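# Fold and contact review
Spelled out, the chains give:
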Amino acid sequence: MSLTAKDKDTVRAFWTKVSGKSAEIGSDALSRMLVVYPQTKTYFSHWKDLSPGSEPVKKHGKSVMGGVADAVTKIDDLNAGLLTLSELHAFTLRVDPANFKILSHNILVVMAIMYPKDFTPEVHVAMDKFLAALSRALAEKYR
Amino acid sequence: MVEWTDFERATIQDIFSKMDYEVVGPAALSRCLIVYPWTQRYFGNFGNLYNAAAIMGNPMVAKHGTTILHGLERGVKNMDNIKETYAELSVLHSDKLHVDPDNFKLLSDCLTIVVAAQLGKAFTGEVQAAFQKFMAVVVSSLGRQYH
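Residues numbered from 1 in each chain as written. Chains lettered and ligands numbered in written order. Predicted model: local features only at pLDDT ≥ 70, side-chain atom pairs only at ≥ 80, totals over all residues. Heavy atoms only, no water.

## A closer look at the packing of aromatic side chains
Throughout the structure, instances matching the rule amount to 11 aromatic pairs over all chains. Both rings, one in A:Phe14 and one in A:Phe119, keep their centres 6.0 Å apart while their planes meet at 45°; by these two values the pair is tilted. Separated by 105 residues along the polypeptide, A:Phe14 in helix H1 (residues 5-18) and A:Phe119 in the loop between helix H6 (98-114) and helix H7 (121-139) bring together distant segments of the chain. Look at A:Phe14 and you get buried, because its relative accessible area is 3%. With 6.4 Å between their ring centres and 50° between their planes, B:Trp4 and B:Phe134 make a pair best called tilted. (Phe/Tyr/Trp six-rings, centres within 6.5 Å; stacked < 30°, edge-to-face > 60°. Helix = DSSP H or I, 4+ residues; strand = E, 2+ residues; numbered from the N terminus. Buried < 20%, exposed > 50% of the residue type's maximum accessible area, 1.4 Å probe, protein only.)

## A few points about the UniProt feature "domain: Globin" (unreviewed entry) in chain A
Within the UniProt annotation, "domain: Globin" (unreviewed entry) is assigned to residues 2-143 of chain A. Taken end to end, residues 2-143 of chain A is 70% helix and 0% strand, and its first and last C-alpha atoms sit 21 Å apart. (UniProt positions renumbered as here; feature names shortened; annotations may be inferred.)

## So, the nonpolar core
Formed by 76 residues in total, the largest nonpolar core has its most connected members in A:Phe119, A:Met127, A:Phe130, B:Phe16, B:Leu111, B:Phe131 and B:Phe134. The dominant element in this core, judged by the number of residues it contributes, is H6(A), at 11 residues. Filtering out sequence-adjacent residues up to four positions away, A:Phe119 remains in contact with A:Phe14, A:Leu108, A:Met111, A:Ala112, A:His124, A:Met127, B:Arg31 and B:Ile113. Of all hydrophobic cores here, the second largest spans 16 residues; its members include A:Val125, B:Val35, B:Phe43 and B:Leu106. (Core = buried A, V, L, I, M, F, W, Y, C linked by side-chain atoms within 4.5 Å. Contact = heavy atoms within 4.5 Å.)

Structure, rendered in structure tokens:
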């Protein structure tokens, strides 16, 4: 299920529209994930405050979306582009890759909330494929 | 048996009471057929599903989307008895329709996104958790009678 040229164009165009609010998207998606999928909190036991919109959540949401933004620019070769991030997640963070799907879902939910008219089914499928490809690239170095 | 908090019960009742089934149903089903195109395998007799525009304009898709929402309403009205409520439909989906139960989750995810777009900021994390819990119970019940 690789990204077609049309998918890449759709992702790039939608990203241009939403990138200004990427920190907010990241913060909301992460907040939602911690509430809706409480098992994900296990990765953040070192944070003082896991409540929605807290400082650590906002800061980390911004980091995550920074990674997504980077991935958009490297959409033609995500495996190469995300090599360092993959090594980080594989050897240092060791986040179970099932959680990439969970966070991706919440990113899509936030996009639907913030951009109800623009998040059409066509944009939805392109973004879902992109986040899935991103997740695969992130899991590349795990084993 | 599933334990529901007062908040969860109230949230589910509220969401469905305010929902226009004839808008949300078709939107969710057509989104599912577009985002997860392999789900089209179950709708061979629905005519033109060739592209997103065709799917979104297809009257059989719209009708079936509405039917599905009415089916969900049964669970909303019987939250303490969801397993029994869907036993017959589970048998139907298994023995007659031969639907892979993994598809129920795909449709559920699309419905979540449609509801999120409708409710906007009102679809808070807590509301999302309640909605997804309800959908997970329904999905599980629909897969329960497969053998």
